[in-house]
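Structural features, examined
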Amino acid sequence: RDFPALFEHFAAERPLTAVLWLLDDHTADPPAGFLAGWLHESAPADPALGRLHRDLSGLLGDKRFRANEAGAFADQFAEAPPEELAAAADLAHMGVLARDLPRGALAWEPDDILEAA
């Protein structure tokens, strides 16, 4: 996985990428610093990312970190239940997909499958 490239390329979904990156490597500073700062802000209006913000805030407790406290944030992230962090990321991912349905899926026609059979 090239998390640094995904983190830069998909700027609108950077919080989701940061969570997945930290689940893979809880010592990575870029996503930890980003999430620390992002969670210090108000929840975004986007439903998928707003839900992720609320879920992470609940899982990580009341202590808030600044972006320059990546190490302390990463330690707190590592102490949270990984299955619950992954579930929060999964829900956000489904919300992003529902919001931006891949257009290739709309071009699929079931008749093509029937003709091939």
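Owing to the predicted nature of the structure, the values given are computational and were not obtained by experimental measurement.

1. Looking at the pattern of salt bridges
- What the rule picks out here adds up to 4 salt bridges.
- Here Glu8 ties to Arg14 by a salt bridge, and the two come within 3.8 Å at their closest N and O atoms.
- On the basis of relative accessibility, which here comes to 54%, the residue Glu8 falls in the exposed class.
- Taking the shortest distance from any N to any O, the salt bridge between Arg51 and Asp55 comes out at 3.0 Å. You can see Arg51 and its partner Asp55 sitting in helix H4 (residues 47-60), 4 residues apart, about one turn around the helix.
- One continuous salt-bridge network, built from bridges that share partners, spans Glu13, Asp46 and Arg99.

Rules used throughout
Residues numbered from 1 in each chain as written. Predicted model: local features only at pLDDT ≥ 70, side-chain atom pairs only at ≥ 80, totals over all residues. Heavy atoms only, no water. Salt bridge = Lys/Arg side-chain N within 4 Å of Asp/Glu carboxyl O. Buried < 20%, exposed > 50% of the residue type's maximum accessible area, 1.4 Å probe, protein only. Helix = DSSP H or I, 4+ residues; strand = E, 2+ residues; numbered from the N terminus.

Everything listed here is a matter of geometry and, on its own, says nothing about what the molecule does.
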